[in-house]
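# Fold and contact review
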Amino acid sequence: MKIKNELLSDDFLASLSQLKILQKKKSSLSEMGSLQSFRSGGHADFLEHRSYQKGDEPRFIDWNVYNRLKQLTVKVFAKQESSENFILLDASASMEFTNGSKGLKASQIAAAISYLNLSAEDAVQLIWHNFSYHKKPRAMGQKAIIPILKSLSEIQYGGSANLSKGLLEINPKNKSGNIFILSDFYDHEEILKTISMMNTGRFSFTLFQILSLKEINFPSTGFFTLQDSETVEQSKIRVNSSVNRQYAEQVTQFTEDIKKTATRLHCKFYQLNADAPFQDTIN
């Protein structure tokens, strides 16, 4: 309910609309790895003239050239092809940690990526995995953001996620595209192996690791019962300052290992604080 109330609120929709301002200040879509190619037609940068051919649209005829040379020519324009963008979201039980803050942050970032790409007339497909694999139809156009927000708000977090399955579904069906993966990456070995297999230049990968403050820094000292949110296995531990220090070091090493592998695979990598306000994250 928390995610639904937040994503469908007027305040969040207003925050998304502000992304266009940020996009003008900093090339946001280019930062996220948009793919570009050229096609003729449309209203974009002029590319060249060519002779008129039967079937060409009259609106592209250059009448100034005709008045001077008595030759029918048409203008050819350079225009961005629609890029394919796949958003793969970890909807496992671990993303419910700290009252769903991780799932909310993942949904907010997925919404932001969708909004920017849809505004640029690029295609977006939302995919997630919890107890099973789910995907929404390919969406285009600014009006598609509302159905995407509703889909994100209705995701049920639980079970374990097989993100590799999502990637393997994308791989054979698409020639190229941008893939955005949002997860805590606790189970990262298999997904990184799959990325390595797909790392042929056809796809651009951006990884967002989402962790809460309580995961980055153990909150206090004393006796605790820890429970794995996905397997429900429990263990009892005593936490003191030494354990806290070791925990912080292991979390840092865990993240650095993922970042190092991502860099080797030419992936962009960002670690996000699940507890930070959305606007702070975007800034």
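Residues numbered from 1 in each chain as written. Predicted model: local features only at pLDDT ≥ 70, side-chain atom pairs only at ≥ 80, totals over all residues. Heavy atoms only, no water.

A separate point is the overall build of the chain. Within the chain, the regular secondary structure consists of 11 helices and 10 strands. Residue burial in the chain is summarised as follows: out of 283 residues, 42% are buried. Intrachain contacts of the chain at a sequence separation of at least 6 include 76% that bridge at least 24 residues. (Helix = DSSP H or I, 4+ residues; strand = E, 2+ residues; numbered from the N terminus. Buried < 20%, exposed > 50% of the residue type's maximum accessible area, 1.4 Å probe, protein only. Contact = heavy atoms within 4.5 Å.)

Attention now moves to the packing of helix 7 (residues 163–170) against helix 8 (residues 189–198). Put simply, helix 7 and helix 8 touch, their axes get as near as 8 Å, and they point 15° apart. The angle between the axes of helix 7 and helix 8 places the two elements in the roughly parallel class. As for how helix 7 packs across helix 8, the hand of that crossing is left-handed. Contacts between helix 7 and helix 8 pair Leu 163, Ser 164, Leu 167 and Leu 168 from the former with Glu 190, Ile 191, Thr 194, Ile 195, Met 197 and Met 198 from the latter. Each residue belonging to the contact of helix 7 with helix 8 can be placed in one class, and the counts come to 7 nonpolar, 2 polar and 1 charged. (Axes fitted to C-alpha atoms, helices over the stretch in contact; angles between N-to-C directions. Parallel < 35°, antiparallel > 145°, perpendicular 65-115°, else oblique. Left-handed = near helix turned anticlockwise from the far one by under 90°. Nonpolar A, V, L, I, M, F, W, Y, C, P; charged D, E, K, R; others polar.)

Taking strand neighbours across the sheet as the criterion, the 6 strands line up as 5-4-3-6-7-10 in an open arrangement whose pairing is mixed. Of all the strands in the sheet, the pair left with one neighbour each is strand 5 (133–135) and strand 10 (268–273). Taken over all neighbouring pairs, the strand axes of this sheet differ in orientation by 20° on average, direction set aside. One ladder, built from 5 bridges, connects strand 3 (residues 84–90) with strand 6 (residues 177–183); its direction is parallel. Across the sheet, the residue bridging to Phe 86 is Ile 179, located in strand 6. This element, helix 7, spans strand 3, strand 4 (123–129), strand 5, strand 6 and strand 7 (203–211) of the sheet and lies at about 165° to strand 3. (Pairing = 2+ DSSP bridges.)

Another aspect to go through is a nonpolar patch on the surface. A cluster of nonpolar side chains, Tyr 52, Trp 63, Tyr 66 and Leu 72, forms an exposed patch at the surface whose accessible area comes to about 370 Å². Tracing the backbone shows Trp 63 in helix 4 (residues 63–69). Overall, Trp 63 belongs to the partly exposed group, its relative accessible area being 47%. (Patch = residues over 30% accessible without salt bridge, like charges linked within 9 Å, V, L, I, M, F, W, Y side chains within 5 Å. Areas by Shrake-Rupley, 256 points an atom, 1.4 Å probe, with all protein chains shown as cover. Salt bridge = Lys/Arg side-chain N within 4 Å of Asp/Glu carboxyl O.)

Buried residues dominate strand 4, accounting for 7 of its 7 residues. One ladder, built from 7 bridges, connects strand 3 with strand 4; its direction is parallel. If you follow Asn 85 over to strand 4, its bridge partner there is Val 124. Of the crossover connections in this fold, the one passing from strand 3 over helix 5 (residues 97–119) to the parallel strand 4 is right-handed. In this structure, the hairpin formed by strand 4 and strand 5 is closed by a connection of 3 residues. (Right-handed = clockwise from strand over helix to strand, strands pointing away.)

Across the chain, pLDDT averages 84, with 85% of residues at or above 70. Confidence drops under pLDDT 50 across residues 27–43; counting only partners more than four residues distant or on other chains, this segment forms 50 contacts. (pLDDT = per-residue confidence, 0-100.)

One finds Leu 16, Ile 87, Leu 89, Leu 152 and Leu 182 to be the most contacted residues of the largest nonpolar core, which totals 37 residues. For this core, the secondary-structure elements that each account for two or more residues are helix 1 (2–7), helix 2 (10–25), strand 3, helix 5, strand 4, helix 6 (145–153), strand 6 and strand 7. At 10 residues, the largest contribution of residues to this core is made by helix 5. Contacts of Leu 16, omitting those with residues within four sequence positions, involve Ala 111, Ala 112, Tyr 115, Ile 145, Leu 149 and Phe 278. (Core = buried A, V, L, I, M, F, W, Y, C linked by side-chain atoms within 4.5 Å.)

What follows is about the packing of aromatic side chains. Counted according to the given criterion, the structure contains 4 aromatic pairs. Seen from their ring centres, Tyr 186 and Phe 254 are 5.7 Å apart, and the 25° between their planes marks the pair as stacked. Of this pair, Tyr 186 sits in the loop between strand 6 and helix 8 while Phe 254 is found in helix 10 (residues 241–264), placing the two residues 68 residues apart along the sequence. It is Lys 165 that lies over the ring of Tyr 133; its NZ or CZ is 5.4 Å from the centre. (Phe/Tyr/Trp six-rings, centres within 6.5 Å; stacked < 30°, edge-to-face > 60°. Lys NZ or Arg CZ within 6 Å of the ring centre and 35° of its normal.)

Mapping Lys 268 onto the fold places it in strand 10. For Lys 268, a relative accessible area of 31% translates into the label partly exposed. The spacing of Lys 268 and Thr 206 is 62 residues in sequence and 4.6 Å in space, taken between C-alpha atoms.

Moving on, we come to helix 8. Among the residues of helix 8, Ile 191, Leu 192, Thr 194, Ile 195 and Met 198 are the ones counted as buried. Down the axis of helix 8, the buried set is contained in an arc of 160°. They therefore lie on one face. Along helix 8, the residues that are exposed and aim more than 90 degrees away from the buried face are Glu 189 and Lys 193. (Arc of directions from axis to C-beta.)

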